[in-house]
Amino acid sequence: MNCPHTAAAQTDPGAGTVVIDPMVQDLDGETARLRDAGVLARIDLLGVPAWTVTRHAEARQLLLDQRLVKDIDAWGLWQSGVVTRAWPLIGMIDAGRSMFTVDGAEHRRLRTKTSQALTPRRLEAIRPEIEKFTDELLDALDAARGEDGVVDLKSVFAQPLPMKVVGMLMGVDESQHAMLTRQYKAFFSMLTPQEERLALLAELDVFYTDLVREKTARPTDDLTSALILAEEGGEPLTEEEVVGNLKAMVAAGHETTIGLVLNAVRALLSHPDQLRMVLAGEAGWDAVIEETLRWDTPTTHLLMRFATEDITVGDDVIRKGEGVVVSYRAIGRDVGHHGPDADAFDITRPTRNRHMTFGHGPHICPGAALSRVEAGIALPALFTRFPGLRLAVPDEEITKLPVMTQNDMTAFPVLLG
Ligand code: STR
């Protein structure tokens, strides 16, 4: 395979290697191939080899294994210069010092305030604001209907809502939301040339650094200001660490919740009897949210962790220095964990709450409760306001964005009824 992305030429991916498609042409097919490739599978990410774990139990075990770390300097292919900043996925790993890239005691130090700010109890305080954003965006949806009645539920509703919420939490002014949406879209898309991606990441670093300096000078009641202030008796985070946490929060809070809301709407519209059950009160919205999280995970693959020692998993050995991806979408479809019908969307499934889509262990998603609150407000509000909501095109015509790690669609054209 001709690989322009790495410094050294890569050999053909070996037999049994699943080549991850940057264009995401057939996500269900690829998810099934990964599952069939074994508990641990070899994958090819744009010419770069890695392991991926495709089963619930083994992923859980690996996510607790301290021999796997997030520090990119533990990666053999990085140390040897085979992988460089020219590789399009590098921004998913080499993202600056933050709770996303550090382990152990330092990780706890970086993450404590964020997780404390996002507990279900603390989130109750911002529920009214999320409801207000939702109502405003539902009005916008109504107003954005074209002559033919069609409106894009993604760009008008599912995308701005999480941006408004994470923007409010972190203290990012509304006037910057469109810029951030545009930049993250380009960051995640495999169609963006790498020089452009590196340039936009540098621009974002300047933007976030300015924001952190502004909040240092004039603290407000947002989480960015809280991150700047030292813990009682503790070491304050450095500017770089606050910036790292801020950008991780905005990127994660924005991108993943779009997927959750849209994937839930899509699942319900293509399973009308289950939608009827929910609307009749025979099943809860929480069941819809959990089953969507399991069945159509917003994060397809989580990059990456590195082995600091050889790690044996079944018949395979992850060698010291090798990279490990967690393929959450395959894990949600684990028949050993969810039963032989794991590929079916079923909100009454007994295991629907036993997914691991937010991860496990020390790095478990600190925004999990927030995303549940957002989706738990957005979904019922949408279907209450527009009970006749339906897709404006056949479901097969909905296309995925060319994004390798996130499960997101190009657009979601609907008729509001
Ligand atoms: C995007 C680029 C950046 O500036 C910072 C981060 C750190 C957090 C990452 C984010 C990334 C990409 C999407 C992630 C998020 C954490 C959760 C989210 C991986 C690399 C998920 O998809 C689970």
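What counts and how
Residues numbered from 1 in each chain as written. Predicted model: local features only at pLDDT ≥ 70, side-chain atom pairs only at ≥ 80, totals over all residues. Heavy atoms only, no water. 1 Å grid on protein atoms, 1.4 Å probe; cavity = no way out; pocket = protein on both sides within 12 Å on 5 of 7 lines; lining within 4 Å. Points joined across faces, edges and corners; volume = space filled by probe spheres on them. Helix = DSSP H or I, 4+ residues; strand = E, 2+ residues; numbered from the N terminus. Nonpolar A, V, L, I, M, F, W, Y, C, P; charged D, E, K, R; others polar. Core = buried A, V, L, I, M, F, W, Y, C linked by side-chain atoms within 4.5 Å. Buried < 20%, exposed > 50% of the residue type's maximum accessible area, 1.4 Å probe, protein only. Contact = heavy atoms within 4.5 Å. Near = heavy atom within 4 Å. Polar contact = N/O pair within 3.5 Å; in protein donor to acceptor, adjacent residues only side chain to side chain. Areas by Shrake-Rupley, 256 points an atom, 1.4 Å probe, with all protein chains shown as cover. Pairing = 2+ DSSP bridges. Axes fitted to C-alpha atoms, helices over the stretch in contact; angles between N-to-C directions. Salt bridge = Lys/Arg side-chain N within 4 Å of Asp/Glu carboxyl O.

Per an unreviewed UniProt entry, the protein chain carries the name Cytochrome P450 and comes from Streptomyces griseus subsp. griseus.

(A) Local environment of the layout of surface pockets. Its boundaries defined by the atoms lining it, the second largest pocket holds a volume of some 410 Å³. Taken together, 15 residues line the second largest pocket, and the ones lying closest to its centre are Arg122, Leu169, Asp221, Asp222 and Leu223. Counting residues per element, the lining of the second largest pocket draws most heavily on helix 4 (residues 104–117), which supplies three residues. When the residues that make up the lining of the second largest pocket are grouped by side-chain class, the tally is eight nonpolar, two polar and five charged.

(B) Just the nonpolar core, in detail. In this structure, Leu45 and Trp87 are the most contacted members of the largest nonpolar core, which totals 116 residues. If one sorts the elements of this core by residue count, helix 12 (residues 239–269) sits on top with 15 residues. In this structure leucine 45 touches Ile20, Ala50, Trp87, Leu89, Leu303, Met304, Val325 and Met404, once residues within four positions along its chain are discounted. Residues Val53, Leu302, Val324 and Tyr328 belong to the second largest nonpolar core, which totals 17 residues.

(C) Structural view of empty space enclosed by the protein. Taken as a whole and judged by the stated rule, the model has five cavities of 30 Å³ or more. By volume, the largest cavity is sized at about 90 Å³. Forming the walls of the largest cavity are 14 residues, and the residues nearest its centre are Lys154, Lys185, Glu255, Leu401 and Asp408. Of all elements in the fold, only helix 9 (177–188) and helix 12 reach the threshold of two or more residues within the lining of the largest cavity. Its residues placed into classes, the lining of the largest cavity shows five nonpolar, five polar and four charged.

(D) Representation of the site of the ligand within the structure. Around the ligand, 14 residues are found, and the nearest of them are Met92, Phe100, Ala252, Thr299 and Gln406. Here threonine 299 contributes a side-chain N or O atom positioned 2.8 Å from an oxygen atom of the ligand. Glutamine 406 is positioned with one of its side-chain polar atoms (N or O) 2.9 Å from an oxygen atom of the ligand. Isolated, the ligand exposes 480 Å² of accessible area, and the fraction of that covered by the protein chains is 89%. Of all the secondary structure elements, the ones that give two or more residues to the shell around the ligand are helix 9 and helix 12. Of all the elements, helix 12 adds the most residues to the shell around the ligand, at five residues. Across the shell around the ligand, the residue classes break down as nine nonpolar, four polar and one charged.

(E) Representation of the side chain of glutamine 274. Within the fold, glutamine 274 resides in helix 13 (residues 272–279). On the accessibility criterion, glutamine 274 (10% relative accessible area) is buried. Setting aside chain neighbours within four positions, we find glutamine 274 in contact with Leu268, Phe345, Asp346 and Ile347.

(F) Quick look at the sheet that holds strand 1 (residues 18–19). Strand order across the open sheet formed by six strands is 1-2-3-9-6-4, with mixed pairing between neighbours. The open sheet has two edge strands, strand 1 and strand 4 (68–69), and neither has a second partner. Contacting strand 2 (40–45), strand 3 (48–53), strand 4, strand 6 (302–307) and strand 9 (323–326), helix 2 (residues 56–63) crosses the sheet at an angle of about 110° to strand 3.

(G) View of the sheet that holds strand 11 (residues 413–415). The three strands lie next to each other as 5-11-10, forming an open sheet whose pairing is antiparallel. Because the sheet does not close on itself, it has two edges, and the strands there are strand 5 (150–152) and strand 10 (390–391). Inspection of the sheet shows strand 10 paired to strand 11 by two bridges, in the antiparallel sense. Each residue of the ladder has a partner; that of arginine 390, found in strand 11, is leucine 415.

(H) Looking closely at the pattern of salt bridges. Scanning all chains against the criterion turns up 28 salt bridges. A salt bridge links arginine 145 to aspartate 142; its shortest N-O distance comes to 2.3 Å. Since its relative accessible area comes to 29%, aspartate 142 is described here as partly exposed. For arginine 213, the salt bridge goes to glutamate 239, with nearest N and O atoms at 2.9 Å.

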